[in-house]
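Observations on chain architecture
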Amino acid sequence: MYDVTIIGAGASGVMCALALKEKNKSLKVLLLEKNDKLGKKLSITGNGRCNLGNTNTDISNFNSDSNLSDFKNVLEVDNFDFLNVLDNTDDMESYYDYLIRCGVLITKEKEYLYPYSMQAITVCKSFERYLNYLNVAVKYSYDVVKVTKNKDVFIINDDIKSKVVVVATGGKSYPKTGSTGFGYNVLKSFGHTITDLYPSLTHLKTDYKHIKDLQGVRVNAVTSLSVDGWIEKQEEGQVQFTHDALSGICIFNLSRDVKKYLNENKTVKIKMDLVPDYSGLELQSYIASFSSYKLQDALSCIINNKLAVAIAKELKYTNMLVKELNKNELDGVCFTLKNMYFNITDTGDFNTAQITSGGVKLDEFTKGLESSKCKGLYAVGEVLDVDGKCGGYNLSWAFNSAIIAANDILRRDHEKS
Ligand SMILES: Cc1cc2nc3c(=O)[nH]c(=O)nc-3n(C[C@H](O)[C@H](O)[C@H](O)COP(=O)(O)OP(=O)(O)OC[C@H]3O[C@@H](n4cnc5c(N)ncnc54)[C@H](O)[C@@H]3O)c2cc1C
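Given the structure is predicted, the values throughout are model-derived calculations rather than measurements. Here the residue index of a chain counts from 1 through its sequence in written order. Per-residue local features are limited, in this predicted model, to residues with pLDDT of at least 70; the limit for side-chain atom pairs, both in listing and counting, is 80 or more; totals at the level of whole chains, interfaces and linings are taken over all residues. Values shown for side chains rest on all heavy atoms present in the structure; no hydrogens or waters enter the calculation.

**Here we look at the sheet that holds strand S17 (residues 340-347)**
So the rule is basically this: We treat two strands as partners when DSSP finds at least two bridges between them. Comment: elements are numbered from the N terminus, with helices defined as DSSP H or I runs of at least four residues and strands as E runs of at least two. Helix axes are fitted only over the stretch in contact, all axes being lines through C-alpha atoms; the angle between N-to-C directions runs from 0 to 180 degrees. Contacts are assigned to residue pairs with any non-hydrogen atoms lying within 4.5 Å of each other.
Ordered by their spatial adjacency, six strands build a closed barrel running S12-S15-S14-S13-S16-S17, and the pairing between neighbours is antiparallel. The mean inter-strand angle of the sheet, taken between neighbouring strand axes irrespective of direction, is 45°. As defined by bridge partners, strand S12 (residues 204-206) adjoins S17 across three bridges and the pair is classed as antiparallel. Each bridged residue has a counterpart across the sheet, and for Leu 204 the counterpart in S17 is Thr 347. Lying on the sheet, helix H11 (residues 327-338) is in contact with strand S16 (268-273) and S17; it crosses S16 at an angle near 105°.

**Section: the nonpolar core**
Selection rule: By convention a nonpolar core is built from buried Ala, Val, Leu, Ile, Met, Phe, Trp, Tyr and Cys residues, the set being connected through side-chain atoms within 4.5 Å. The rule is simple: take the accessible area with a 1.4 Å probe, protein chains only, and divide by the maximum for that residue type; under 20% is buried, over 50% is exposed, in between is partly exposed.
Formed by 78 residues in total, the largest nonpolar core has its most connected members in Ile 6, Leu 20, Leu 52, Phe 127 and Phe 399. Those residues in contact with Phe 127 that sit more than four places away from it in its chain are Val 14, Leu 18, Leu 38, Leu 42, Leu 99, Cys 102 and Phe 399. Ranked by size, the runner-up nonpolar core spans 45 residues in total, among them Leu 254, Ile 287, Ile 303 and Cys 334.

**Overview of the domain arrangement of the chain**
Going by this rule: Domain segmentation is taken from an automatic or database assignment of domains. We define buried area as the total accessible area lost by two parts upon association, computed with a 1.4 Å probe and summed across both. Between Lys or Arg on one side and Asp or Glu on the other, a salt bridge is scored when a side-chain nitrogen of the former is within 4 Å of a carboxyl oxygen of the latter. We call two N or O atoms a polar contact when they sit within 3.5 Å, provided that within protein one can donate a hydrogen and the other can accept it, with sequence-adjacent residues counted only if both atoms are side-chain atoms. Under the convention adopted here, Pro, Cys and the residues Ala, Val, Leu, Ile, Met, Phe, Trp and Tyr are nonpolar, Asp, Glu, Lys and Arg are charged, and Gly plus all remaining residues are polar.
When the domains of the chain are assigned, the result is domain 1 (2-198 + 353-416) and domain 2 (204-347). The centre of domain 1, based on its C-alpha atoms, is set 40 Å off from the matching centre of domain 2. At the junction of the two partners, domain 1 supplies ten residues and domain 2 supplies eight residues. Carbon and sulfur atoms supply 55% of the area that domain 1 and domain 2 bury against each other, a total of about 740 Å² over both sides. Among the residues of domain 1 in contact with domain 2, Tyr 198, Lys 389 and Cys 390 are the three that bury the most area, contributing 64% of the side total. With its nearest N and O atoms 3.4 Å apart, the salt bridge here joins Arg 256 to Asp 65. Viewed at the interface, domain 2 and domain 1 are joined by four residue pairs in polar contact (both at pLDDT 80 or more). Looking at the side of domain 1 that touches domain 2 residue by residue, the classes come out as two nonpolar, five polar and three charged.

**What to know about the pattern of salt bridges**
Scanning the entire structure with this criterion turns up 18 salt bridges. Between Glu 109 and Arg 49 there is a salt bridge, with its nearest N and O atoms 3.1 Å apart. Pair noted here: Glu 109 is in strand S5 (residues 106-109) and Arg 49 is in the loop between strand S2 (29-32) and strand S3 (53-54), with a separation of 60 residues, a long-range link. Across the pair Asp 408 and Arg 411 runs a salt bridge, and its minimum N-O distance is 3.4 Å. Note that Asp 408 and Arg 411 are positioned in helix H12 (residues 393-416) at a spacing of three residues, about one turn of the helix. Here Arg 411 falls in the partly exposed class, since its relative accessible area comes to 38%.

**Some details on the site of the ligand**
Quick note on the threshold: Whether a residue is near a molecule or strand is decided by its heavy atoms; if any one of them lies within 4 Å of it, the residue is near. Reported accessibility uses the Shrake-Rupley method at a 1.4 Å probe radius. Residues are deemed covered only where the shown protein chains occlude them.
Residues in close proximity to the ligand total 34 residues, the closest being Ser 12, Glu 33, Asn 51, Glu 382 and Leu 395. Note that an oxygen atom of the ligand is positioned 2.7 Å from one of the side-chain N or O atoms of Ser 12. Between the ligand and Leu 395 there is a distance of 2.7 Å, counted from an oxygen atom to a backbone nitrogen or oxygen. Within the complex, the protein chains bury 96% of what would otherwise be the 1,000 Å² of accessible surface of the ligand. Each residue belonging to the shell around the ligand can be placed in one class, and the counts come to 13 nonpolar, 16 polar and five charged.

**Focus: helix H4 (residues 120-133)**
Stated formally: Here a helix's expected span is defined as the number of its residues, less one, multiplied by 1.5 Å. The directions from the helix axis to the C-beta atoms are what the arc is built from.
End to end, H4 covers 20 Å across 14 residues, agreeing with the expected 20 Å (1.5 Å per residue, within 8%). Among all positions of H4, only Ala 120, Val 123, Cys 124, Ser 126, Phe 127, Tyr 130 and Leu 131 are buried. Projected down its long axis, H4 carries its buried residues within an arc of 160°, all on one side. Exposed side chains of H4 directed beyond 90 degrees from the buried face belong to Arg 129, Asn 132 and Tyr 133. Downstream of H4 by one or two residues, Asn 135 has phi in the positive range, about 60°.

**A look at the sheet that holds S3**
Pairing is antiparallel in the open sheet, where three strands are placed in the order S3-S6-S5. Strands at the two margins of the open sheet, each flanked by one partner only, are S3 and S5. As defined by bridge partners, S5 adjoins strand S6 (residues 112-115) across four bridges and the pair is classed as antiparallel. Paired with Thr 107 across the bridge in S6 is Tyr 114.

So this is what it looks like as C-alpha cells:
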C-alpha cells in the first residue's frame, strides 16, 4: 500500500513527488508514467529552452472559466507565495526554491525565467536525479486505465493500492507527449465537472485572399482580437504569417476562446496596426512625398515588401502611382495600414495547441487542491481549469499547484499522526 500515488510524471507530477518526499522521507510515494521517461512535454517547452516562469506574476496573466475567486482562493494558501516567485521571504517557499534545490539554477531574460543551462532537457535530467536521490518509486511505461476507490483505499488498474491519489495527467494538447485527456475521465468518474475544453496558445487560420503570398513574413504590430466587431483583447509583439494562418506569441495569447466564439457563429477577426509608431496623418504625408512611386513601392518604404504588395493588390491599386490616388483613396490606404483585418476561420487543433483551456472545475476543490467530492483525491497542473499566457505561466501553474497539493497532503498526514 502506497501513501500517495501520482498519475503522470510531467511538470506537475514530478514536482508533487519531490515536494512530498523532501518534507517527509518516510512517506511511500509512487509516480506512474505511461511514457518510458519523465517530462516528454517539459523537454520541448520554450523551443527546447523551457521558459519555466515569469517575474511579472500579475493574476491577469492567468485564465479560468471557473469563478476567479476560486482561483484566487487556491493562490492564497497559507505560507505559500504563488505570485511573488522571486521576492519570497524566509517562511514562504515558491517553486523557485524547489527548482534550485533539485539542481535547476535559474536565469532571467527580460521577465522570462529559464534554466541557466537554457536547456529543457537539463531540467528533466535534474528531476530524474533528484527523484532517485529522494527514493521516489517511479514506474515508467505504466498506463493507468482505471482508478476506483474501495472504502478508504484507491485501487489503480486493479493492482496498485494507495491512500491518496494525485491526478497530474495534463490536458489534451500535444497528445503525442502523453497528455490525452485521461485525467478528465478519472475525475469525472468521481463526480467532478469538466468545463468545455478548447485548444489555446495556438495559431489562427485565416481566409485572407493573399495569405499564401505572405508566408514567412514577420512583423511587429499592435494586434487585436475583434469578436462581432468588438475589440476583446490587444497584444503587442511579433506576428508570423504562414501559408494559411497567423502565428507568433501575440497571436497565441489572443487565441484563447476563439474556437468557442467560432462555435457560437460569431465573426472573429484579427486587426493589426502595422505601423503603431506613426499616426495616419504622418503616414499620409510620408507616402505622398513619394508621389511618382508605384503605391506598393512607397508602402514598402514603411512595411514588409510582401505586405506592401498584398495591400496594394487588396485595394486594387497594384499598378497605380501615389500621385494618381486622390485624398480619400490615400486616406483609405493609411487606414488599412493602421487597421488591417484578417477574417479568422479556425484555430489550430489539440495536436498543435500548446495548452488546453478549461478543465476540471476549481470550485469542486479545496484550497489545498483536494477534491470536495472524494477524500484523498487531488488534481494538479493543466488538468485543472487554469491556463496562462505564453511566458512561463503554464509551467509555473503546474509547479505551484503541485506544491500546494503536496503541502496539503503533508499537513493531513501530520494531523493524523
Ligand atoms: C510545444 C510546447 C511548448 C510549451 N512551452 C512552454 C513554456 O515555455 N513555458 C510554459 O510555462 N509552458 C509551456 N508549455 C505548456 C506546459 O508545457 C504545460 O502547461 C505543462 O507541461 C503542464 O504540466 P502537467 O504536469 O499538468 O502536464 P504534462 O506536462 O502534460 O504531463 C502529464 C503527464 O501525464 C502522463 N499521463 C497522462 N495520462 C496518463 C496515464 N493514463 N497513465 C500514466 N501516465 C499518464 C503523460 O504521459 C505526461 O507525462 C508548452 C507546451 C507545449 C506543447
